[in-house]
Amino acid sequence: MFEHVDAYPGDPILTLNEEFLHDPRPEKINLSIGVYLNEAGQLPLMGAVRKAEQSILAQPVKRTYLPMEGMLDYRNAVRCLLFGEDHQAVSEKRIATMQTLGGSGALKIGADFLAAYFPGAQVWVSDPTWDNHHAIFAGAGFVVNSYPYYDPGIQHVNFEAMQTALEAIPVGNIVLLHACCHNPTGADLNTQQWRDLATIIQSRSLLPFFDIAYQGFGQGIKEDAFAIRYFASLGIPMLVAGSFSKNFSLYGERCGALHVLCNDEGQANNVLGQLKAVVRRNYSSPPTHGARIIATVLGSSELRDEWHSELEAMRARIQSMREGLYASLQGRMPAGKADFLRKQDGMFSFTGMTAEQVRRLREEFAVYLVGSGRICLAALTQESIVPVTEAMVQAMN
Ligand code: LMR
């Protein structure tokens, strides 16, 4: 019966992570998957999360089904976190918000919804982008194209090439944008470039689909949401997929959200209804625990402040790892080669290493990077900077 089923070739990130876990070498270092580790190399359980969990356990509740769209308190809280409490789009109830199974779930629900209501549209993603963007949109039936983004020569965004490409995209197509901490390159647009992009998106009537999986890891909660808030202030209809895996360190709880910004409350209600239908056909309704934790943290000014300062400390640690690796690498590499670390931002950077060099890094030195050359700086520690430097220098020779 199943003879025709092919072997799964694996996922460039998740399968590599499994390989890492099975690697018996004690000196192994995992800088592949996008997971934040603390200075001890451990996954943190945030203090605000622990306290919220304790208060939830102190008042046990029955576990009925959540509605298809998820928990109301969670949806309201995460919408305000993203758009800002006093954003006009929030007060005018123009945003349809769904609780989703992580950021991937938000992209999938959004993609299925778009496939039903924008069947003629094609999807455009940055070159490069997170591999799963291709898989999710192609899986929903879309033709997925790329627009130029990263230029290895300048170790940053080639904004001119990006602009020219977007100006030529057919009207009504869908453009996937990374709101901050671009995955995999760490190369982001500045505020003026976002403004320029908004003009193109409006004039071509393109539909932006933002992915924001790292809010707070780039410049700060508010700053990282700049593009989304700015586009929303112009009334540009859009979708946003958000994740709380990283900024709440709640990976396994699968907490995400999909927001669809509409022109008015009536449209938002209709869109919400169709998103509910998509969820019903996929998994009926989302789980409770992670959403309750996040709603509890964001709903208490004390816990929210605590979470915020913990997040700030995480961001500062990532930044210091970036600086530390730069200081360690720059004298050991040809001039300018380590500069990517200073030009890029957030959890990831694009090292410029080839697939062969990444393979050598893994096989000879037990240092894991994603095959594209992406490094996760958020998993680096003071202790691992020196062995990682040595391994990178050797593997690039
Ligand atoms: C990553 O890019 O490493 C993370 O977002 C984890 C994942 O699901 O790929």
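For the structure itself, look to the data block above.
Residues numbered from 1 in each chain as written. Predicted model: local features only at pLDDT ≥ 70, side-chain atom pairs only at ≥ 80, totals over all residues. Heavy atoms only, no water.

## Focus on the side chain of Asp224
Next up, step 1: Mapped onto the secondary structure, Asp224 falls in helix 9 (residues 221–224).
Next up, step 2: Summary of buried charges: Asp224 has no salt-bridge partner, and the nearest side chain of opposite charge, Arg315, is 6.2 Å away.
Next up, step 3: A polar contact is formed between the side chain of Asp224 and the backbone nitrogen of Gly216, at a distance of 2.8 Å.
Next up, step 4: Apart from the residues lying within four places of it in its own chain, the contact partners of Asp224 are Ala179, Cys180, Ile212, Tyr214, Gln215, Gly216, Phe217, Gly218 and Gln219. (Helix = DSSP H or I, 4+ residues; strand = E, 2+ residues; numbered from the N terminus. Buried < 20%, exposed > 50% of the residue type's maximum accessible area, 1.4 Å probe, protein only. Lys, Arg positive; Asp, Glu negative; His and termini not counted. Salt bridge = Lys/Arg side-chain N within 4 Å of Asp/Glu carboxyl O. Polar contact = N/O pair within 3.5 Å; in protein donor to acceptor, adjacent residues only side chain to side chain. Contact = heavy atoms within 4.5 Å.)

## Focus: the environment of Met396
Next up, step 1: With respect to the secondary-structure elements, Met396 resides in the segment after helix 16 (382–395).
Next up, step 2: A sequence separation of 42 residues divides Met396 from Thr354, and the C-alpha atoms of the two residues are 8.6 Å apart.
Next up, step 3: Every residue in contact with Met396, bar those within four places of it in the chain, is listed here: Met333, Thr351, Met353 and Gln357.

## Looking at a nonpolar patch on the surface
Next up, step 1: A surface patch of nonpolar side chains, amounting to about 430 Å² of accessible area, comprises Met1, Phe2 and Val5.
Next up, step 2: Judged by its relative accessible area of 65%, Phe2 falls in the exposed class. (Patch = residues over 30% accessible without salt bridge, like charges linked within 9 Å, V, L, I, M, F, W, Y side chains within 5 Å. Areas by Shrake-Rupley, 256 points an atom, 1.4 Å probe, with all protein chains shown as cover.)

## Quick word on the environment of Ala395
Next up, step 1: Within the secondary structure layout, Ala395 lies in helix 16.
Next up, step 2: Residue class for Ala395 comes out buried when judged on its relative accessible area of 2%.
Next up, step 3: Ala395 has contacts with Met353, Gln357, Arg360, Leu361 and Phe365, leaving out every residue within four places of it along the chain.

## A closer look at the site of the ligand
Next up, step 1: In the vicinity of the ligand, the residues found are Ile13, Ile33, Gly34, Trp130, Asn183, Tyr214, Lys246 and Arg374.
Next up, step 2: Within the backbone of Gly34, an N or O atom sits 2.7 Å from an oxygen atom of the ligand.
Next up, step 3: At a separation of 3.0 Å, an oxygen atom of the ligand approaches a polar side-chain atom of Trp130.
Next up, step 4: In isolation the ligand has 260 Å² of accessible area, and contact with the protein removes 83% of it.
Next up, step 5: Residue composition of the shell around the ligand, by class: four nonpolar, two polar and two charged. (Near = heavy atom within 4 Å. Nonpolar A, V, L, I, M, F, W, Y, C, P; charged D, E, K, R; others polar.)

## Regarding the pairing of strand 7 (residues 174–178)
Next up, step 1: Of all the five residues making up strand 7, five are buried; the element is thus mostly covered by neighbouring parts of the structure.
Next up, step 2: The two faces of strand 7 match: Ile174, Leu176 and His178 on one face and Val175 and Leu177 on the other face are all buried.
Next up, step 3: Sheet topology places strand 3 (residues 123–127) next to strand 7; two bridges connect them, and they run parallel. What sits directly across from Val123, in strand 7, is Ile174. (Pairing = 2+ DSSP bridges.)

## Thoughts on the packing of helix 2 (residues 47–58) against helix 12 (residues 289–299)
Next up, step 1: Following both chains from N to C, one finds helix 2 and helix 12 inclined at 110°, their axes separated by 9 Å at the closest point. Between helix 2 and helix 12, the angle falls in the class roughly perpendicular. Across from Ala48, Val49, Ala52, Glu53, Ser55 and Ile56 in helix 2, the residues of helix 12 making contact are His289, Arg292, Ile293, Thr296 and Val297.
Next up, step 2: Class assignment for the residues of the contact of helix 2 with helix 12 results in six nonpolar, three polar and two charged. (Axes fitted to C-alpha atoms, helices over the stretch in contact; angles between N-to-C directions. Parallel < 35°, antiparallel > 145°, perpendicular 65-115°, else oblique.)

## Brief notes about the packing of helix 3 (residues 72–83) against helix 10 (residues 226–233)
A pair of packed helices can be characterised by two numbers: the angle between their axes and the separation between those axes.
Next up, step 1: Two elements in contact, helix 3 and helix 10, have axes whose closest approach is 8 Å; the angle formed by their N-to-C orientations is 90°. What the angle tells us is that helix 3 and helix 10 run roughly perpendicular. Between helix 3, through Cys80, Leu81, Leu82 and Phe83, and helix 10, the contact on the second element is made entirely by Ile228, Arg229 and Ala232.
Next up, step 2: Taken together, the residues of the contact of helix 3 with helix 10 break down into six nonpolar, no polar and one charged.

## Some thoughts on the packing of aromatic side chains
Between two aromatic rings, the relevant description is the distance of the centres plus the angle of the planes.
Next up, step 1: Going through the model one piece at a time under the given rule, you end up with 15 aromatic pairs.
Next up, step 2: For the ring pair Tyr36 and Phe217, a centre distance of 6.0 Å and an interplane angle of 55° mean the geometry is tilted. Remark: Phe217 occurs in the loop between strand 8 (207–212) and helix 9 and Tyr36 occurs in the loop between strand 1 (29–30) and helix 2; sequence separation between them is 181 residues. Each member of the pair, Tyr36 as well as Phe217, is classed as buried.
Next up, step 3: Taken together, a centroid distance of 6.5 Å and an interplanar angle of 70° make the contact between Tyr230 and Phe231 edge-to-face. Both residues of the pair, Tyr230 and Phe231, count as buried.
Next up, step 4: By way of ring pairs, the aromatic residues Trp194, Phe210, Phe226, Tyr230 and Phe231 are connected into one cluster.
Next up, step 5: Between the NZ or CZ atom of Lys28 and the centre of the ring of Phe20, over which it lies, the distance is 4.7 Å.
Next up, step 6: Arg374 extends its terminal NZ or CZ atom over the ring of Phe348, reaching a point 3.7 Å from the ring centre. (Phe/Tyr/Trp six-rings, centres within 6.5 Å; stacked < 30°, edge-to-face > 60°. Lys NZ or Arg CZ within 6 Å of the ring centre and 35° of its normal.)

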